[in-house]
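Residue-level structure breakdown
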Amino acid sequence: MLSRMMFAAAPVEAWLEFVGTLHPALVHFPIALGIVAAIVEIWRAIRREPDLSPFALTAIWFAAVIAVFAATSGWYSAQFEGKDLTLSLFLHRWIGIGSAALLLILAVSGSFIRTRATSSRTGTWRMGLLAAAGAIGFVGHLGGTMVYGDGYITDALWNAIEQTELAQREGAALRAKAELGIVESTKEAPQAIVAAQTDPVGVVQIDFAKQILPILEARCYACHGRGKGKGGVRLDDLKRSTTERKGEWVVKPGDPSQSLMMRNIQLPADDENAMPPEGDRVPSAEIELIRQWIEQGARGEEGVSPGAVSDHRWSLPERLLTAEELARIRAATEVLSRLEVRVAPLAQGSPYFEADASGALPPIGDGQLVAFAALADFLVTLNLAHSAVSDSIGGSLVQLRSLRALRLDHTAAGDQVAANLAKMPHLESINFVATPLTDTGLSALVQLKSLRNLYVWSSQTTSGGVSAFRVARPDVKLIDGRE
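This text gives an overview of the structure that appears in the document. (Residues numbered from 1 in each chain as written. Predicted model: local features only at pLDDT ≥ 70, side-chain atom pairs only at ≥ 80, totals over all residues. Heavy atoms only, no water.)

Bringing the overall build of the chain into the picture now. Helix and strand counts for the chain come out as 18 helices and 7 strands. Looking at the chain residue by residue over its 483 residues, the buried ones come to 42%. For the chain, restricting intrachain contacts to residue pairs at least 6 apart in sequence, the fraction spanning at least 24 positions comes to 62%. Total accessible area on the chain stands at roughly 24,900 Å², and carbon and sulfur atoms take up 60% of it. (Helix = DSSP H or I, 4+ residues; strand = E, 2+ residues; numbered from the N terminus. Buried < 20%, exposed > 50% of the residue type's maximum accessible area, 1.4 Å probe, protein only. Contact = heavy atoms within 4.5 Å. Areas by Shrake-Rupley, 256 points an atom, 1.4 Å probe, with all protein chains shown as cover.)

Dropping the structure here:
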């Protein structure tokens, strides 16, 4: 993705990119104004008032004008962000344009009708207003779906209805018991959950932060974490994922057999419900850990956010990019985009960037890493997970001197890479999950003074090597899944 306003080839293109950035700010106004105007006119229709509301007509004029700008900015937003033309985007775009046109028609016709009001004209106008309100509401739903995943609004609505009904049923039951004189000292709880909340002697308790969180981060959060909720599933929100919704549980504390996550990660790869839908299947050892965690109550750790593994932010020096630097970044970004590597600024207007090569097909290899060299002064996070890089890429990585976070999980990177990374000046977080890293590489990383987070789950490191590292570097948070 090209940075907005920074990669413009010409002033016109730069201004069009700026117009695209306004879409999120503009799009909410016509939705709110149109729906409020419809509510006002419904109320007037109920009261059998023949004239149009001056407020509703004024609101529709504002909604129509802003809707035109919102539709225009939305078109350029999708164009410059390189979004694929999915069905949701197609419907969002064209229903939005149609809604803007309908609002304009309503604004003009409403001004005419207000001076020559008749019951039939007013009734027809109100029907058109209801249609426009429904259309812009649907456009908003599609926008939420594209950003936050399927069912973002509807799932929350049905959940709210279900929880309200449940509270009403429980309240009625309590009132009935009170009238009958039935007193309960404690609230009943499912036996499996009660058992899972105890710590029987001899049972090793699963540590969510050290053993489950790395699995979720590596295998699930691409679709179900960090604000994404495909299918309405958010695994970075434990309260949400361990709550019954529509008669199903994503994770049912104490009962793995009734947990959708547990079922889906065990399905054959060719099953349409198999999770994760792409990449390697979840190893049996990790599945067993998840099963034990659910049996023990699917508890998290107080103060630990499931999305916190890669949410670290750094103190970066302020800087302004020169024309030469902008040209270099643009050229490198174009090369990497052809390799299906996503490059984006950390924030709008930021001179620092992140690159994600984990979804490249075919996976990038050692030879393609040279394309990152031009970003050495600007790249702070690099995701090479599931790529085809080898243990010989250390020299290329050292050139990326501004790097703060690096993901090498599920690659062939190991001890040679670790020895090179020990020379990096700013690197704070490294993910070696499911790699051939051994205790030799682990000991080399002791010398990386800037290191703060290290993930070696399912690597070739031993408990002895991990213990030695922790003694040498107590300031580093090392997660190996053994505790």
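The structure having been displayed, the exposition proceeds.
So, about helix α3 (residues 28-46). Taking 1.5 Å as the rise per residue, α3 with 19 residues should run 27 Å; its terminal C-alpha atoms sit 27 Å apart, in good agreement. Where α3 is concerned, the buried positions are Pro30, Ile31, Gly34, Ala37, Ala38, Glu41 and Arg44. Along α3, the residues classed as buried sweep out an arc of 165° about the axis, all on the same side. Structural note: α3 exposes His28, Ile39, Trp43 and Ile46 on the side pointing more than 90 degrees away from its buried face. Phi turns positive, to about 60°, at Arg48, one or two residues after α3. (Expected span 1.5 Å × (residues − 1). Arc of directions from axis to C-beta.)

Time to look at the nonpolar core. Ranked by size, the top nonpolar core spans 47 residues in total, and within it Leu421, Phe432 and Leu454 carry the most contacts. Sorting the residues of this core by element identifies α14 (323-338), β2 (353-356), β3 (379-383), α16 (415-421) and α18 (463-472) as the ones contributing at least two each. Counting residues in each nonpolar core, the second largest holds 26 residues, with Phe208, Met262, Ile290 and Val433 among its members. (Core = buried A, V, L, I, M, F, W, Y, C linked by side-chain atoms within 4.5 Å.)

The residue after Met275, namely Pro276, is reached through a cis peptide bond having omega -5°. Position of Pro276 relative to the elements: it lies in the loop between α12 (260-264) and α13 (284-295). With an omega of -5°, the peptide bond between Leu361 and Pro362 qualifies as cis. Residue position: Pro362 is located in the loop between β2 and β3. Its identity as a non-glycine residue notwithstanding, Ala434 has a phi of 55°, on the positive side. On the secondary structure map, Ala434 appears in the loop between β5 (429-431) and α17 (439-444). Even without being a glycine, Ser458 presents a positive backbone phi close to 60°. Relative to the helices and strands, Ser458 is located in the loop between β6 (453-455) and α18. Residue Ser458 is classed as partly exposed on the basis of its relative accessible area, which comes to 38%.

This part is about the side chain of Arg407. For Arg407, the location among the structural elements is in strand β4 (residues 405-407). Assessed through its relative accessible area of 17%, Arg407 is described here as buried. Within the structure, Arg407 has its side chain in polar contact with the side chain of Asp409 (distance 2.8 Å). Not counting chain neighbours up to four residues away, the residues in contact with Arg407 comprise Glu217, Ala218, Leu382, Asn383, Leu384, Ala385 and Asn431. (Polar contact = N/O pair within 3.5 Å; in protein donor to acceptor, adjacent residues only side chain to side chain.)

Next up on the list: the sheet that holds β3. Paired through their backbone hydrogen bonds, the strands of a sheet run either parallel or antiparallel. One open sheet holds the 7 strands; their spatial order is β1-β2-β3-β4-β5-β6-β7, and the pairing between them is mixed. Either end of the sheet is taken by a strand with one partner, and the two such strands are β1 (342-345) and β7 (477-479). Neighbour to neighbour, the strand axes of the sheet diverge by 10° on average, direction disregarded. Sheet topology places β2 next to β3; 4 bridges connect them, and they run parallel. What sits directly across from Ala355, in β3, is Leu382. (Pairing = 2+ DSSP bridges. Axes fitted to C-alpha atoms, helices over the stretch in contact; angles between N-to-C directions.)

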